[in-house]
Amino acid sequence: MTEKFTGSFTQQEPISDEAIEAAVTVMRSGRLHRYNLSEGELGEVSLLEQEFATLAGSKFCLAVASGGYALACALRAMQVKPGDRVLTNAFTLAPVPGAIASVGAVPVFVGVTEGLVIDLEDLKAKAEQADVLMLSHMRGHICDMDALIAMCDAHGVKVIEDCAHTMGGAWRGVASGRHGAMACYSTQTYKHINSGEGGFLISDDEELMARAIMLSGSYMLYERHGAAPSAEVFEQVKYHTPNVSGRMDHLRAAILRPQLRSLEKQVENWNTRHDILLSGLRDTPGLTVVERPEGEAYVGSSIQFLLLDWTEVQIGEVLHRCAECGVELKWFGGAEPVAFTSRYDSWRYAPSEPMPATDRILKGIVDMRIPLTFSEADCALIARIIRSEISAVYQAG
Ligand SMILES: *Cc1c(COP(=O)(O)O)cnc(C)c1O
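A quick note: this is a predicted structure, and the numbers were derived from the prediction, not measured.

The rules behind the values
- Residues numbered from 1 in each chain as written.
- Predicted model: local features only at pLDDT ≥ 70, side-chain atom pairs only at ≥ 80, totals over all residues.
- Heavy atoms only, no water.
- Near = heavy atom within 4 Å.
- Polar contact = N/O pair within 3.5 Å; in protein donor to acceptor, adjacent residues only side chain to side chain.
- Helix = DSSP H or I, 4+ residues; strand = E, 2+ residues; numbered from the N terminus.
- Nonpolar A, V, L, I, M, F, W, Y, C, P; charged D, E, K, R; others polar.
- Core = buried A, V, L, I, M, F, W, Y, C linked by side-chain atoms within 4.5 Å.
- Buried < 20%, exposed > 50% of the residue type's maximum accessible area, 1.4 Å probe, protein only.
- Contact = heavy atoms within 4.5 Å.
- Pairing = 2+ DSSP bridges.
- Axes fitted to C-alpha atoms, helices over the stretch in contact; angles between N-to-C directions.

Caption draft 1: Looking closely at the site of the ligand. Lining the immediate environment of the ligand, one finds 16 residues, of which Gly68, His165, Ser186, Gln188 and Lys191 sit closest. A distance of 2.7 Å separates an oxygen atom of the ligand from a polar backbone atom of Gly68. One of the side-chain N or O atoms of Gln188 is found 2.8 Å from an oxygen atom in the ligand. Secondary-structure elements contributing two or more residues to the shell around the ligand are α3 (67-77) and α4 (95-102). Among the elements that take part in the shell around the ligand, α3 stands out by supplying three residues, more than any other. For the shell around the ligand, the residue count by class is five nonpolar, nine polar and two charged.

In C-alpha coordinates form, the structure reads like this:
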(Lines give C-alpha, C1' and ligand atoms only; values in the text may rest on other atoms or scores of the structure.)
Protein backbone atom coordinates (compact mmCIF):
# COMPACT_ATOMS: atom_id res chain seq x y z
CA MET A 1 0.00 0.00 0.00
CA THR A 2 1.37 3.42 -0.88
CA GLU A 3 1.41 5.89 1.98
CA LYS A 4 0.51 9.54 1.53
CA PHE A 5 1.55 12.68 3.38
CA THR A 6 -1.07 15.42 3.59
CA GLY A 7 0.78 18.19 5.48
CA SER A 8 2.05 21.47 4.02
CA PHE A 9 5.70 22.12 3.23
CA THR A 10 5.20 25.88 3.47
CA GLN A 11 3.22 26.16 6.71
CA GLN A 12 5.18 27.94 9.44
CA GLU A 13 4.43 27.95 13.13
CA PRO A 14 2.30 30.91 14.25
CA ILE A 15 3.94 33.99 15.75
CA SER A 16 3.68 33.65 19.55
CA ASP A 17 1.20 35.67 21.59
CA GLU A 18 4.12 37.33 23.36
CA ALA A 19 5.52 38.53 20.03
CA ILE A 20 2.09 39.62 18.81
CA GLU A 21 1.58 41.68 21.97
CA ALA A 22 4.99 43.31 21.56
CA ALA A 23 4.07 44.18 17.97
CA VAL A 24 0.73 45.63 19.03
CA THR A 25 2.49 47.81 21.61
CA VAL A 26 4.75 49.20 18.89
CA MET A 27 1.78 49.88 16.62
CA ARG A 28 -0.13 51.64 19.42
CA SER A 29 2.90 53.88 19.99
CA GLY A 30 2.90 54.96 16.36
CA ARG A 31 6.72 54.99 16.51
CA LEU A 32 7.69 52.37 13.95
CA HIS A 33 10.86 53.92 12.49
CA ARG A 34 13.97 52.80 14.35
CA TYR A 35 15.09 56.34 15.14
CA ASN A 36 11.63 57.44 16.26
CA LEU A 37 12.25 57.03 19.99
CA SER A 38 10.88 58.69 23.08
CA GLU A 39 13.21 60.28 25.65
CA GLY A 40 15.61 57.73 27.09
CA GLU A 41 14.16 54.85 25.06
CA LEU A 42 16.57 52.51 23.26
CA GLY A 43 13.82 50.97 21.14
CA GLU A 44 13.08 47.46 19.87
CA VAL A 45 15.61 47.55 17.01
CA SER A 46 18.61 48.53 19.15
CA LEU A 47 17.57 46.06 21.84
CA LEU A 48 17.32 43.33 19.24
CA GLU A 49 20.78 44.24 17.92
CA GLN A 50 22.24 44.02 21.41
CA GLU A 51 20.55 40.69 22.03
CA PHE A 52 21.68 39.24 18.71
CA ALA A 53 25.26 40.43 19.27
CA THR A 54 25.24 38.73 22.67
CA LEU A 55 23.84 35.52 21.20
CA ALA A 56 26.31 35.49 18.31
CA GLY A 57 29.21 36.61 20.50
CA SER A 58 30.08 39.61 18.31
CA LYS A 59 30.95 43.17 19.34
CA PHE A 60 28.58 44.82 16.90
CA CYS A 61 25.30 44.07 15.18
CA LEU A 62 23.13 45.91 12.68
CA ALA A 63 19.55 44.85 11.94
CA VAL A 64 18.52 45.45 8.32
CA ALA A 65 15.66 45.04 5.87
CA SER A 66 16.69 41.65 4.44
CA GLY A 67 19.42 39.04 4.32
CA GLY A 68 20.21 40.04 0.76
CA TYR A 69 20.58 43.66 1.88
CA ALA A 70 23.00 42.54 4.61
CA LEU A 71 25.15 40.75 2.00
CA ALA A 72 25.35 43.75 -0.33
CA CYS A 73 25.92 46.09 2.62
CA ALA A 74 28.86 43.94 3.77
CA LEU A 75 30.40 44.12 0.29
CA ARG A 76 29.97 47.90 0.24
CA ALA A 77 31.40 48.22 3.75
CA MET A 78 34.44 46.29 2.50
CA GLN A 79 34.62 48.77 -0.37
CA VAL A 80 34.27 46.19 -3.10
CA LYS A 81 34.24 48.17 -6.36
CA PRO A 82 32.54 47.66 -9.71
CA GLY A 83 34.56 45.16 -11.75
CA ASP A 84 36.17 43.53 -8.68
CA ARG A 85 35.92 39.77 -8.52
CA VAL A 86 34.35 38.14 -5.48
CA LEU A 87 34.74 34.43 -4.73
CA THR A 88 31.55 32.61 -3.83
CA ASN A 89 29.92 29.17 -3.82
CA ALA A 90 28.62 27.56 -6.97
CA PHE A 91 26.06 25.82 -4.74
CA THR A 92 24.05 28.64 -3.23
CA LEU A 93 20.89 30.63 -3.82
CA ALA A 94 20.23 33.64 -6.01
CA PRO A 95 20.59 36.40 -3.33
CA VAL A 96 24.32 35.61 -3.03
CA PRO A 97 25.51 36.19 -6.62
CA GLY A 98 22.78 38.85 -6.74
CA ALA A 99 24.38 40.82 -3.91
CA ILE A 100 27.75 40.63 -5.70
CA ALA A 101 26.21 41.80 -8.97
CA SER A 102 24.35 44.60 -7.17
CA VAL A 103 27.65 46.35 -6.41
CA GLY A 104 28.85 45.80 -9.98
CA ALA A 105 31.29 43.09 -8.91
CA VAL A 106 31.75 39.75 -10.66
CA PRO A 107 31.21 36.39 -8.90
CA VAL A 108 33.92 33.75 -9.26
CA PHE A 109 32.21 30.45 -8.50
CA VAL A 110 33.95 27.86 -6.36
CA GLY A 111 32.91 24.21 -6.57
CA VAL A 112 30.98 22.04 -4.12
CA THR A 113 31.98 18.73 -2.51
CA GLU A 114 29.84 15.64 -1.91
CA GLY A 115 29.52 16.92 1.66
CA LEU A 116 27.78 19.96 0.08
CA VAL A 117 30.40 22.42 1.33
CA ILE A 118 32.77 24.66 -0.60
CA ASP A 119 35.61 22.71 -2.27
CA LEU A 120 38.75 23.95 -0.52
CA GLU A 121 41.00 22.65 -3.32
CA ASP A 122 39.08 24.67 -5.87
CA LEU A 123 39.11 27.67 -3.52
CA LYS A 124 42.88 27.42 -3.24
CA ALA A 125 43.21 27.32 -7.02
CA LYS A 126 41.07 30.47 -7.40
CA ALA A 127 42.09 32.40 -4.27
CA GLU A 128 44.47 34.71 -6.14
CA GLN A 129 41.63 36.04 -8.28
CA ALA A 130 39.89 38.05 -5.55
CA ASP A 131 40.28 39.87 -2.23
CA VAL A 132 36.90 38.84 -0.84
CA LEU A 133 35.11 35.51 -0.40
CA MET A 134 31.38 35.57 0.17
CA LEU A 135 31.01 32.17 1.80
CA SER A 136 27.53 30.70 1.73
CA HIS A 137 26.89 28.05 4.38
CA MET A 138 24.35 26.73 1.96
CA ARG A 139 21.59 24.60 3.51
CA GLY A 140 23.45 24.72 6.78
CA HIS A 141 26.50 22.72 5.69
CA ILE A 142 29.62 24.18 7.28
CA CYS A 143 33.04 23.42 5.79
CA ASP A 144 36.23 23.01 7.82
CA MET A 145 36.28 26.66 8.89
CA ASP A 146 39.73 26.46 10.45
CA ALA A 147 41.21 25.26 7.16
CA LEU A 148 39.22 27.79 5.15
CA ILE A 149 40.23 30.76 7.30
CA ALA A 150 43.89 29.68 7.31
CA MET A 151 43.79 29.46 3.51
CA CYS A 152 42.05 32.82 3.10
CA ASP A 153 44.46 34.51 5.53
CA ALA A 154 47.40 33.10 3.58
CA HIS A 155 46.00 34.61 0.37
CA GLY A 156 44.85 37.90 1.91
CA VAL A 157 41.20 37.07 1.20
CA LYS A 158 38.64 38.61 3.57
CA VAL A 159 35.61 36.47 4.35
CA ILE A 160 31.97 37.51 4.53
CA GLU A 161 29.85 34.66 5.86
CA ASP A 162 26.34 34.12 4.54
CA CYS A 163 24.67 32.51 7.56
CA ALA A 164 21.13 32.51 6.16
CA HIS A 165 20.96 28.77 6.96
CA THR A 166 23.27 28.58 9.97
CA MET A 167 21.76 30.93 12.55
CA GLY A 168 22.16 28.82 15.70
CA GLY A 169 24.86 26.59 14.16
CA ALA A 170 28.58 26.36 15.01
CA TRP A 171 31.91 24.93 13.86
CA ARG A 172 34.05 23.33 16.58
CA GLY A 173 32.25 25.32 19.25
CA VAL A 174 32.56 28.69 17.48
CA ALA A 175 29.20 30.12 16.36
CA SER A 176 28.65 30.23 12.62
CA GLY A 177 29.34 33.82 11.59
CA ARG A 178 32.27 34.32 13.98
CA HIS A 179 35.04 33.15 11.64
CA GLY A 180 34.94 35.80 8.93
CA ALA A 181 35.31 39.58 9.05
CA MET A 182 31.54 40.04 8.75
CA ALA A 183 28.53 37.74 8.74
CA CYS A 184 25.02 38.11 7.38
CA TYR A 185 21.76 36.50 8.50
CA SER A 186 18.22 36.52 7.21
CA THR A 187 15.01 36.68 9.27
CA GLN A 188 12.85 36.03 6.24
CA THR A 189 9.94 33.61 6.77
CA TYR A 190 11.75 30.51 5.51
CA LYS A 191 14.79 30.98 7.75
CA HIS A 192 15.34 30.31 11.46
CA ILE A 193 13.45 33.25 12.93
CA ASN A 194 10.56 34.85 11.12
CA SER A 195 9.75 38.53 10.63
CA GLY A 196 8.52 38.15 7.06
CA GLU A 197 11.58 40.05 5.83
CA GLY A 198 14.68 41.14 7.70
CA GLY A 199 18.32 40.43 8.40
CA PHE A 200 21.42 41.06 10.49
CA LEU A 201 25.02 41.96 9.93
CA ILE A 202 27.59 41.27 12.63
CA SER A 203 31.28 42.10 12.97
CA ASP A 204 33.99 42.92 15.50
CA ASP A 205 35.59 45.42 13.11
CA GLU A 206 34.80 49.01 14.13
CA GLU A 207 35.36 50.61 10.78
CA LEU A 208 33.47 48.01 8.75
CA MET A 209 30.55 48.27 11.13
CA ALA A 210 30.54 52.07 11.19
CA ARG A 211 30.39 52.01 7.39
CA ALA A 212 27.62 49.42 7.41
CA ILE A 213 25.56 51.53 9.82
CA MET A 214 26.09 54.67 7.69
CA LEU A 215 25.19 52.70 4.58
CA SER A 216 21.98 51.33 6.10
CA GLY A 217 20.55 54.84 6.32
CA SER A 218 21.38 56.14 9.78
CA TYR A 219 21.15 59.85 8.92
CA MET A 220 23.91 60.72 11.43
CA LEU A 221 21.77 59.19 14.19
CA TYR A 222 24.27 56.41 14.81
CA GLU A 223 24.54 57.35 18.47
CA ARG A 224 21.07 55.87 18.93
CA HIS A 225 22.41 52.37 18.26
CA GLY A 226 22.93 49.87 21.04
CA ALA A 227 25.54 47.56 19.47
CA ALA A 228 27.64 50.01 17.44
CA PRO A 229 31.20 51.34 17.52
CA SER A 230 31.85 54.62 19.35
CA ALA A 231 31.04 57.99 17.78
CA GLU A 232 34.73 58.71 17.01
CA VAL A 233 34.84 55.83 14.55
CA PHE A 234 31.93 57.35 12.62
CA GLU A 235 33.83 60.65 12.35
CA GLN A 236 36.30 58.89 10.05
CA VAL A 237 33.69 57.45 7.67
CA LYS A 238 30.60 59.64 7.79
CA TYR A 239 31.48 62.00 4.95
CA HIS A 240 32.60 59.21 2.63
CA THR A 241 29.87 56.62 3.05
CA PRO A 242 26.75 56.85 0.91
CA ASN A 243 23.28 56.17 2.27
CA VAL A 244 21.74 53.02 0.77
CA SER A 245 18.66 52.73 2.96
CA GLY A 246 17.82 49.29 4.28
CA ARG A 247 16.90 49.71 7.93
CA MET A 248 14.86 47.40 10.09
CA ASP A 249 11.79 48.82 11.87
CA HIS A 250 10.51 48.38 15.43
CA LEU A 251 7.58 46.24 14.36
CA ARG A 252 9.77 43.48 12.96
CA ALA A 253 12.25 43.81 15.79
CA ALA A 254 9.42 43.39 18.31
CA ILE A 255 8.37 40.05 16.86
CA LEU A 256 11.96 38.84 16.51
CA ARG A 257 13.08 39.43 20.10
CA PRO A 258 10.93 36.69 21.68
CA GLN A 259 11.91 34.35 18.81
CA LEU A 260 15.60 34.87 19.54
CA ARG A 261 14.98 33.71 23.09
CA SER A 262 13.58 30.40 21.84
CA LEU A 263 16.10 29.82 19.05
CA GLU A 264 18.02 27.18 20.97
CA LYS A 265 14.86 25.16 21.60
CA GLN A 266 13.83 25.53 17.96
CA VAL A 267 17.22 24.23 16.84
CA GLU A 268 16.60 21.11 18.94
CA ASN A 269 13.16 20.73 17.37
CA TRP A 270 14.64 20.98 13.87
CA ASN A 271 17.43 18.56 14.59
CA THR A 272 15.09 15.94 16.04
CA ARG A 273 13.08 16.07 12.81
CA HIS A 274 16.15 16.21 10.57
CA ASP A 275 17.71 13.20 12.29
CA ILE A 276 14.54 11.12 11.96
CA LEU A 277 14.56 11.84 8.23
CA LEU A 278 18.27 11.16 7.92
CA SER A 279 18.11 7.79 9.65
CA GLY A 280 15.02 6.87 7.63
CA LEU A 281 16.94 7.55 4.40
CA ARG A 282 20.27 5.94 5.27
CA ASP A 283 21.12 2.76 3.36
CA THR A 284 18.57 3.35 0.61
CA PRO A 285 20.16 1.80 -2.51
CA GLY A 286 21.12 4.51 -5.02
CA LEU A 287 20.77 7.31 -2.47
CA THR A 288 23.70 9.03 -0.76
CA VAL A 289 22.89 10.76 2.52
CA VAL A 290 24.97 13.76 3.58
CA GLU A 291 26.53 12.82 6.92
CA ARG A 292 27.40 15.72 9.21
CA PRO A 293 31.08 16.19 10.09
CA GLU A 294 31.95 15.89 13.76
CA GLY A 295 32.90 19.55 14.26
CA GLU A 296 29.61 20.82 12.89
CA ALA A 297 26.73 21.89 15.14
CA TYR A 298 24.01 22.09 12.52
CA VAL A 299 20.48 23.39 12.30
CA GLY A 300 18.41 20.82 10.43
CA SER A 301 15.86 23.19 8.97
CA SER A 302 16.17 21.32 5.67
CA ILE A 303 17.65 18.06 4.47
CA GLN A 304 19.53 17.12 1.31
CA PHE A 305 20.50 13.84 -0.25
CA LEU A 306 22.27 12.91 -3.45
CA LEU A 307 21.11 10.78 -6.35
CA LEU A 308 24.55 10.67 -7.90
CA ASP A 309 24.78 9.76 -11.58
CA TRP A 310 21.03 9.20 -11.92
CA THR A 311 19.59 10.35 -15.24
CA GLU A 312 17.38 13.43 -15.44
CA VAL A 313 14.48 11.19 -16.38
CA GLN A 314 14.96 9.00 -13.31
CA ILE A 315 15.24 11.98 -10.97
CA GLY A 316 12.18 13.53 -12.60
CA GLU A 317 10.35 10.28 -11.97
CA VAL A 318 11.34 10.28 -8.27
CA LEU A 319 10.21 13.89 -7.84
CA HIS A 320 6.94 13.16 -9.59
CA ARG A 321 6.19 10.02 -7.60
CA CYS A 322 7.03 11.70 -4.28
CA ALA A 323 4.84 14.68 -5.20
CA GLU A 324 1.96 12.28 -5.90
CA CYS A 325 2.43 11.06 -2.31
CA GLY A 326 2.39 14.62 -0.97
CA VAL A 327 6.17 14.97 -0.54
CA GLU A 328 7.62 18.12 -2.13
CA LEU A 329 11.24 17.67 -3.12
CA LYS A 330 13.38 20.29 -4.83
CA TRP A 331 16.09 19.44 -7.32
CA PHE A 332 19.19 21.56 -7.85
CA GLY A 333 20.13 19.85 -11.08
CA GLY A 334 17.35 21.16 -13.28
CA ALA A 335 18.45 23.21 -16.29
CA GLU A 336 15.83 25.86 -15.51
CA PRO A 337 15.73 27.70 -12.18
CA VAL A 338 12.51 26.66 -10.37
CA ALA A 339 11.14 28.41 -7.26
CA PHE A 340 14.05 28.70 -4.84
CA THR A 341 16.46 26.39 -6.64
CA SER A 342 18.87 27.54 -9.28
CA ARG A 343 22.31 26.65 -10.56
CA TYR A 344 25.37 28.84 -11.04
CA ASP A 345 25.03 28.63 -14.80
CA SER A 346 21.42 29.84 -14.64
CA TRP A 347 22.66 33.25 -13.40
CA ARG A 348 23.47 34.41 -16.90
CA TYR A 349 24.57 37.88 -15.77
CA ALA A 350 27.54 36.19 -14.10
CA PRO A 351 30.03 34.51 -16.41
CA SER A 352 31.13 31.03 -15.35
CA GLU A 353 33.51 28.35 -16.51
CA PRO A 354 32.10 24.82 -16.69
CA MET A 355 32.83 22.83 -13.50
CA PRO A 356 32.31 19.15 -14.33
CA ALA A 357 32.94 17.73 -10.82
CA THR A 358 30.57 20.30 -9.32
CA ASP A 359 28.00 19.76 -12.06
CA ARG A 360 27.92 16.05 -11.24
CA ILE A 361 27.07 16.85 -7.63
CA LEU A 362 24.59 19.64 -8.38
CA LYS A 363 22.80 17.30 -10.80
CA GLY A 364 22.26 14.88 -7.93
CA ILE A 365 21.19 17.23 -5.11
CA VAL A 366 17.66 16.74 -3.86
CA ASP A 367 16.50 19.13 -1.18
CA MET A 368 13.60 19.25 1.24
CA ARG A 369 12.42 21.85 3.73
CA ILE A 370 11.55 20.79 7.26
CA PRO A 371 8.93 23.19 8.65
CA LEU A 372 8.51 22.89 12.42
CA THR A 373 4.83 22.24 11.89
CA PHE A 374 5.85 18.68 10.87
CA SER A 375 5.51 16.18 13.72
CA GLU A 376 8.15 13.55 14.34
CA ALA A 377 5.70 10.97 12.96
CA ASP A 378 5.33 13.11 9.81
CA CYS A 379 9.10 12.99 9.34
CA ALA A 380 9.20 9.21 9.73
CA LEU A 381 6.36 8.89 7.21
CA ILE A 382 8.07 11.22 4.71
CA ALA A 383 11.29 9.20 4.96
CA ARG A 384 9.36 5.97 4.27
CA ILE A 385 7.71 7.53 1.23
CA ILE A 386 10.97 8.84 -0.23
CA ARG A 387 12.67 5.53 0.43
CA SER A 388 10.00 3.46 -1.24
CA GLU A 389 9.63 5.73 -4.30
CA ILE A 390 13.39 5.88 -4.80
CA SER A 391 13.65 2.12 -4.48
CA ALA A 392 10.91 1.64 -7.06
CA VAL A 393 12.64 3.88 -9.62
CA TYR A 394 16.08 2.46 -8.82
CA GLN A 395 14.94 -1.13 -9.26
CA ALA A 396 13.26 -0.31 -12.57
CA GLY A 397 16.81 0.80 -13.56
C1 LIG B 1 17.45 33.52 2.06
C2 LIG B 1 18.85 33.59 1.72
C3 LIG B 1 19.59 34.79 1.72
C4 LIG B 1 19.01 36.15 1.98
O5 LIG B 1 17.73 36.23 2.01
P6 LIG B 1 16.62 37.36 1.99
O7 LIG B 1 15.49 36.67 1.35
O8 LIG B 1 17.16 38.51 1.23
O9 LIG B 1 16.41 37.69 3.43
C10 LIG B 1 20.92 34.73 1.45
N11 LIG B 1 21.54 33.57 1.19
C12 LIG B 1 20.89 32.40 1.18
C13 LIG B 1 21.66 31.15 0.91
C14 LIG B 1 19.53 32.38 1.43
O15 LIG B 1 18.88 31.21 1.39
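The rest of the description comes next.
Caption draft 2: Examining the nonpolar core more closely. Formed by 55 residues in total, the largest nonpolar core has its most connected members in Val327, Met368 and Ile386. Ranked by residues supplied to this core, first place goes to helix α13 (residues 376-396) with eight residues. Dropping the residues within four chain positions of it, Ile386 is found in contact with Leu281, Phe305, Cys322, Val327, Leu329 and Met368.

Caption draft 3: Here's a closer look at helix α7 (residues 206-215). For α7, a buried count of eight out of 10 residues is recorded, marking the element as mostly surrounded by other parts of the structure. Listing the buried residues of α7 in full gives Leu208, Met209, Ala210, Arg211, Ala212, Ile213, Met214 and Leu215. Buried residues along α7 sit in contact with β1 (60-64), α3, β8 (182-186), β9 (199-203) and α8 (231-237). Capping the start of α7, Asp205 holds a side-chain oxygen 3.0 Å from the backbone nitrogen of Glu207, two or three residues further along. Just downstream of α7 lies Gly217, where phi reads positive at about 100°.

Caption draft 4: Looking closely at the sheet that holds strand β4 (residues 132-136). What the seven strands build is an open sheet, ordered β1-β9-β8-β5-β4-β2-β3; its pairing is mixed. Edge strands, defined here as strands with exactly one partner in the open sheet, are β1 and β3 (106-110). Pairs of neighbouring strands in the sheet enclose a mean axial angle of 20°, with direction left out of account. In this sheet, β9 lies alongside β8 in antiparallel orientation, the contact comprising five bridges. Across the sheet, residue Cys184 finds its bridge partner in β9, namely Leu201. Strands β1, β8 and β9 of the sheet are contacted by α7, whose axis makes an angle of about 20° with β1.

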